[in-house]
There are 2 protein chains.
Amino acid sequence: MVQQERARVTRDKIMFGAADVIRRVGYAAATLGEIGEAAGVTKGALYFHFASKEEIARALIEEQHSSTRAAAVEIIESGGPAVELMMRLCADLAVRLVDDPIVRAGITLTTDTSTLDTPLQDPYRDWMGTFEELASQAERAGETKTRVKPDALARFIIPAFTGVQLVSETFSERKDLLERVHEMWQVLLAAIVAPDALDDWLAVAESVFTAPQSSTV
Amino acid sequence: MVQQERARVTRDKIMFGAADVIRRVGYAAATLGEIGEAAGVTKGALYFHFASKEEIARALIEEQHSSTRAAAVEIIESGGPAVELMMRLCADLAVRLVDDPIVRAGITLTTDTSTLDTPLQDPYRDWMGTFEELASQAERAGETKTRVKPDALARFIIPAFTGVQLVSETFSERKDLLERVHEMWQVLLAAIVAPDALDDWLAVAESVFTAPQSSTV
């Protein structure tokens, strides 16, 4: 391994170690010592990559956000009706929130308002932008027939998803998350599609949330 | 003042002091020393009431929950259509989340999953129970006409509200919360009331969220 690769591997080890410690004891109680131990790296190696716990937290949030955004681009580029794409984005993120330690940790750190000195608005803003664009496409394509404007819908879906995953974490460590996000979309579909198209859309939701395909990114 | 009264006043001072410190520096960084200073009480008085920071956090969460639940009972007993009651409960809690330091702190502590060793399910469960009951009433009274079942609606509304207030805290320190909760209900109404009744219900929402009455409790 060349030096850069080695540095990269060490950095990844620290990120996964930190995600593990944060999941077990919470961010507030996590120490750099424990993180180094969980990662299996020396204190020197840890400080070479991160000067503080807050820096690790920011790195986890960034890594979570960039990997989920990359997956989102792949889903959107795969095509399909915009309403279905919105559901698939939610299903994909729900699966990652259960399966991917970095995504789990990154989202927990984003929603814990006590984690960072300045609360993070950009991840929310990126997702709201994506959903507003898809909701506009859905409106233009006649998939939706609703008084709810695309920007208002996006401003609701992203916080609603945030709350659904948070409460699912509290009740079941996110084991029921996919089911809860499916229920969320049963409500949303009733609000945005034409009444005579609701049954068809509920069937689409059923297939999206019953066997969600995690994208390959 | 008799001794019991004095103890009560000191306890309240500590709670408000803690709420203030938590708002400024976050729970993780808050120390008992700072809380005592903000409360204007001696360390001895503080330790007489609370053995640890976690005990203060639990007391804030309990006080927030019992005061908002008492307000909820008052709103429900004032009567009216169940759909309107659900909106008024949300508007009342939104106003308290902006105006009442104990409610602000209590909700922040409830949603910050890193605050306590065991995450709190009971507050969510209480609110879901209340909303399921009201959603059932609304269905029986013919106010709603929807495929969404009362329990599923309640399981979505409470997490959705949780997320909406959290994101509003991140973007505007909850200054836009009432407006965001109003938007949330514009989506929910489109999902649950009959299409030909939607205009009337949107007008009710307008009056509930434009001039919300904080209950007297």
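Basis of the calculations
Residues numbered from 1 in each chain as written. Chains lettered and ligands numbered in written order. Predicted model: local features only at pLDDT ≥ 70, side-chain atom pairs only at ≥ 80, totals over all residues. Heavy atoms only, no water. Helix = DSSP H or I, 4+ residues; strand = E, 2+ residues; numbered from the N terminus. Buried < 20%, exposed > 50% of the residue type's maximum accessible area, 1.4 Å probe, protein only. Contact = heavy atoms within 4.5 Å. Core = buried A, V, L, I, M, F, W, Y, C linked by side-chain atoms within 4.5 Å. Domains from an automatic or database assignment. Salt bridge = Lys/Arg side-chain N within 4 Å of Asp/Glu carboxyl O. Polar contact = N/O pair within 3.5 Å; in protein donor to acceptor, adjacent residues only side chain to side chain. Nonpolar A, V, L, I, M, F, W, Y, C, P; charged D, E, K, R; others polar. Buried area = accessible area lost by both parts, 1.4 Å probe. UniProt positions renumbered as here; feature names shortened; annotations may be inferred. Expected span 1.5 Å × (residues − 1).

K.L.:
Before we go on, may I ask you to explain the overall build of chain A in this structure?
P.N.:
On a plain count of helices and strands, chain A comes out with 10 helices and 0 strands. When the helices and strands of chain A are placed in sequence order, the string is α-α-α-α-α-α-α-α-α-α. With respect to the principal axes defined by its C-alpha atoms, chain A has extents near 65 × 35 × 30 Å. Burial status across chain A gives 54% buried among its 217 residues. Expressed as a percentage of contacts within chain A between residues at least 6 apart in sequence, the contacts between residues at least 24 apart total 71%.

K.L.:
Before we go on, may I ask you to explain the nonpolar core in this structure?
P.N.:
Across soluble globular proteins, you tend to see nonpolar side chains buried next to one another. Core analysis: the biggest nonpolar cluster contains 102 residues, and Trp 185 of chain A together with Trp 185 of chain B have the highest contact counts within it. In contact with Trp 185 of chain B, other than residues within four places in its own chain, are Met 86, Met 87, Cys 90, Phe 131, Ile 157, Ile 192 and Phe 209 of chain B.

K.L.:
Looking at this structure, I do not really get the domain arrangement of chain A. What am I missing?
P.N.:
In many analyses, interface size is given as the accessible surface area lost on bringing the parts together. Residue and element names in this part refer to chain A. For chain A, the assigned domains are domain 1 (1-51) and domain 2 (55-210). Contacts between the two partners involve 15 residues from domain 1, matched on the other side by 12 residues from domain 2. Across the contact surface, domain 1 and domain 2 share 0 salt bridges. Counting across the domain 1 and domain 2 interface gives 1 residue pair in polar contact (both at pLDDT 80 or more). Breaking the side of domain 1 that touches domain 2 down by element, the ones donating at least two residues are α1 (3-25), α2 (32-39) and α3 (43-49). In terms of residues, the side of domain 1 that touches domain 2 owes the most to one element, α1, which gives 8 residues. A per-class count over the side of domain 1 that touches domain 2 returns 12 nonpolar, 1 polar and 2 charged.

K.L.:
Explain the environment of Pro 81 of chain B here, please?
P.N.:
Within the secondary structure layout, Pro 81 of chain B lies in the loop between α4 (53-77) and α5 (82-99). Remark: the alpha-carbon pair of Pro 81 of chain B and Thr 130 of chain B, spanning 49 residues in sequence, is separated by 14 Å.

K.L.:
Explain the interface of chain A and chain B here, please?
P.N.:
If you look at the interface, chain A gives 41 residues, while chain B gives 41 residues. The largest contributions to the chain A side of the interface with chain B come from Phe 156, Phe 171 and Val 187 of chain A, which together make up 18% of the buried area. Between the two partners, chain A and chain B, sit 4 salt bridges. Two residues, Arg 147 of chain B and Asp 199 of chain A, come together in a salt bridge whose shortest N-O distance is 2.6 Å. Applying the counting rule to chain A against chain B returns 7 residue pairs in polar contact (both at pLDDT 80 or more). Considering only residue class, the side of chain A that touches chain B consists of 23 nonpolar, 10 polar and 8 charged.

K.L.:
Is there a simple way to think about the side chain of His 65 of chain B in this case?
P.N.:
Inspection of the secondary structure puts His 65 of chain B in helix α4. Setting aside residues up to four positions removed in sequence, His 65 of chain B forms contacts with Pro 123, Asp 126 and Trp 127 of chain B.

K.L.:
Looking at this structure, I do not really get the UniProt feature "domain: HTH tetR-type" (unreviewed entry) in chain A. What am I missing?
P.N.:
The sites that carry the UniProt feature "domain: HTH tetR-type" (unreviewed entry) are, in the present numbering, residues 8-68 of chain A. Taken as a whole, residues 8-68 of chain A contains 80% helix and 0% strand, while its terminal C-alpha atoms sit 20 Å from one another.

K.L.:
Just to check I follow, could you spell out the pattern of salt bridges for this structure?
P.N.:
When their charged atoms lie close together, side chains carrying opposite charge are able to pair. Summed over all chains, the structure comprises 32 salt bridges over all chains. In this structure, the salt-bridge partner of Arg 155 of chain A is Glu 183 of chain B, at a minimum N-O distance of 2.5 Å. Pair noted here: Arg 155 of chain A is in helix α8 (residues 150-172) and Glu 183 of chain B is in helix α9 (residues 177-192), and the two residues belong to different chains. The exposure class of Arg 155 of chain A is partly exposed, given its relative accessible area of 26%. For the salt bridge of Asp 12 of chain B with Arg 8 of chain B, the shortest nitrogen-to-oxygen distance reads 3.8 Å. In this pair, Asp 12 of chain B and Arg 8 of chain B both sit in helix α1 (residues 3-25), 4 residues apart, roughly one turn of the helix. Bridged by salt links that share partners, the residues Asp 151 and Arg 155 of chain A together with Asp 176, Glu 179, Arg 180 and Glu 183 of chain B form one connected network.

K.L.:
What should I look at first to understand unusual backbone geometry in this one?
P.N.:
All names here are of chain A. In this structure, Arg 174 is a non-glycine residue whose phi angle is positive, near 70 degrees. Positionally, Arg 174 belongs in the loop between α8 and α9 (177-192). For Arg 174, a relative accessible area of 2% puts it in the buried group.

K.L.:
Explain α5 of chain B here, please?
P.N.:
Two residues of an α-helix separated by three or four positions point the same way, owing to the 3.6 residues in each turn. Across its 18 residues, α5 of chain B extends 26 Å between first and last C-alpha, which sits within 8% of the 26 Å expected from 1.5 Å per residue. Along α5 of chain B, 14 of the 18 residues are buried, which leaves the element largely enclosed by surrounding structure.

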